[in-house]
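# Structural description and commentary
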Amino acid sequence: MSERRPLIAGNWKMNGMRAEARRLAVEIGTLRMSQPDAEFDMLVCPPFTALEAVGQVLENTSVYLGGQNCHASEKGAHTGDISPAMLADVDCTHVILGHSERRTDHQETNEQVKAQAQAAHAQSLIAIICVGETLEERESGKALEVVCEQIKASVPGDASYGNTVIAYEPVWAIGTGKVATPADVQEMHSDIRKTLSEMLGSEEAEGIRILYGGSMKPENAKELLALDDVDGGLIGGASLKAEDFWTIAQSCPSIS
Ligand code: 13P
């Protein structure tokens, strides 16, 4: 059993008007505070427009707040973008970077993700760097190679277990109800950790949390979260229902 404290993170994606977001945050905050000593961290990442409202609701809970993306620059002429400092200004502690939906919808590259992570670190934000293979890459036997290349190219040299989390999200498992097999997930997470060790040294690599994401649900969470190198989940659909999100959090194995 690992000593890494599990992180259960909800990526709300483009869902939630402020009233709805506030309601969901109240429910999640209340559930979390019903077990303040439970040995896992919880994080929610609402859309930018709901960050402040959700942050106010979560203020006296231990649920962390994160953005879903940020720009690599501090400020300036970048219409439609949000800087890491702006996220910190609304009390975010985390930011998701390089999600496959950003890589596909906005053509974000590994190099950009790396620069965004460095910029996030400069504002003391924890970067959650997402990687994952497509179905075609999995079926052609290239999944491990593709994902480790993404790690090498998107994780900056200043990454540490204090400022970086990795999320492995097979693209074909996101929002589809299809989940990678526990054996495939463990193999991938172990390879990711090996790659991080080559890049950053074994101490950092042993401490960095690697989350699984892709159709994680109350029904499959326990099995996935029990895997040696799985240190939590990045949850989309099921994070929009407080009870489901909480059930997933409660499926975390206890820390030894
Ligand atoms: P789902 O849990 O809806 O498959 O989404 C996963 C995800 O993309 C989280 O970032």
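What you see is a predicted model, and the numbers here were worked out from it, not measured in a lab.

Let's shift gears to the packing of aromatic side chains. Scanning the entire structure with this criterion turns up 2 aromatic pairs. Taking 5.8 Å as the distance between ring centres and 70 degrees as the angle between the ring planes, the aromatic pair formed by phenylalanine 40 and tryptophan 246 counts as edge-to-face. With phenylalanine 40 in the loop between helix H1 (18-34) and strand E2 (41-45) and tryptophan 246 in helix H11 (residues 242-250), this residue pair connects regions lying 206 residues apart in the sequence. For phenylalanine 40, a relative accessible area of 5% gives the class buried. The exposure class assigned to tryptophan 246 is buried, which follows from its relative accessible area of 6%.

The next point concerns the site of the ligand. By nearness alone, 13 residues border the ligand, and Lys13, His99, Gly175, Ser215 and Gly237 come closest of all. Here asparagine 11 contributes a side-chain N or O atom positioned 3.0 Å from an oxygen atom of the ligand. One of the backbone nitrogen or oxygen atoms of serine 215 is found 2.8 Å away from an oxygen atom of the ligand. For the ligand, the protein covers 96% of the area, taking 310 Å² as the surface of the free molecule. For the shell around the ligand, the per-class residue count stands at 4 nonpolar, 7 polar and 2 charged.

Looking at the element boundaries, asparagine 110 is found in helix H5 (residues 110-122). Among the polar contacts made by the side chain of asparagine 110, one reaches the side chain of arginine 103 at a distance of 2.6 Å. Not counting residues up to four positions away in its chain, the partners in contact with asparagine 110 are Arg103, Gln150, Ala153 and Ser154.

A few words on the packing of H5 against helix H7 (residues 143-154). For the pair H5 and H7, interaxial distance at closest approach is 8 Å and the crossing angle is 45 degrees. As judged from the angle between their axes, H5 and H7 are oblique. Mapping the contact onto sequence places Asn110, Glu111, Val113 and Lys114 in H5 and Gln150, Ala153 and Ser154 in H7. Taken together, the residues that form the contact of H5 with H7 break down as 2 nonpolar, 3 polar and 2 charged.

So, about the nonpolar core. Residues Ile28, Val44, Val54, Ile166, Ile192, Leu196 and Tyr212 are the most contacted members of the largest nonpolar core, which totals 62 residues. Excluding anything up to four places from it in sequence, tyrosine 212 contacts Tyr168, Pro170, Ala173, Val179, Ala180, Val185, His189, Leu224, Val230, Gly232, Gly233 and Leu234. Counting residues in hydrophobic clusters, the runner-up holds 12 residues, among them Ala9, Leu43, Ile96 and Ile128.

The final tally for this structure, using the stated rule, is 13 salt bridges. Among the ionic pairs, aspartate 41 bridges to arginine 209, the shortest N-O distance being 3.0 Å. Taken together, the residues span a long stretch of sequence, with aspartate 41 in strand E2 and arginine 209 in strand E7 (residues 209-213) at a distance of 168 residues. Exposure remark for arginine 209: the relative accessible area of 13% places this residue in the buried category. For arginine 138, the salt bridge is made with glutamate 133, and the minimal N-O distance between the two is 2.9 Å. We classify arginine 138 as partly exposed; its relative accessible area is 22%.

Cut-offs applied
Residues numbered from 1 in each chain as written. Predicted model: local features only at pLDDT ≥ 70, side-chain atom pairs only at ≥ 80, totals over all residues. Heavy atoms only, no water. Phe/Tyr/Trp six-rings, centres within 6.5 Å; stacked < 30°, edge-to-face > 60°. Helix = DSSP H or I, 4+ residues; strand = E, 2+ residues; numbered from the N terminus. Buried < 20%, exposed > 50% of the residue type's maximum accessible area, 1.4 Å probe, protein only. Near = heavy atom within 4 Å. Polar contact = N/O pair within 3.5 Å; in protein donor to acceptor, adjacent residues only side chain to side chain. Areas by Shrake-Rupley, 256 points an atom, 1.4 Å probe, with all protein chains shown as cover. Nonpolar A, V, L, I, M, F, W, Y, C, P; charged D, E, K, R; others polar. Contact = heavy atoms within 4.5 Å. Axes fitted to C-alpha atoms, helices over the stretch in contact; angles between N-to-C directions. Parallel < 35°, antiparallel > 145°, perpendicular 65-115°, else oblique. Core = buried A, V, L, I, M, F, W, Y, C linked by side-chain atoms within 4.5 Å. Salt bridge = Lys/Arg side-chain N within 4 Å of Asp/Glu carboxyl O.

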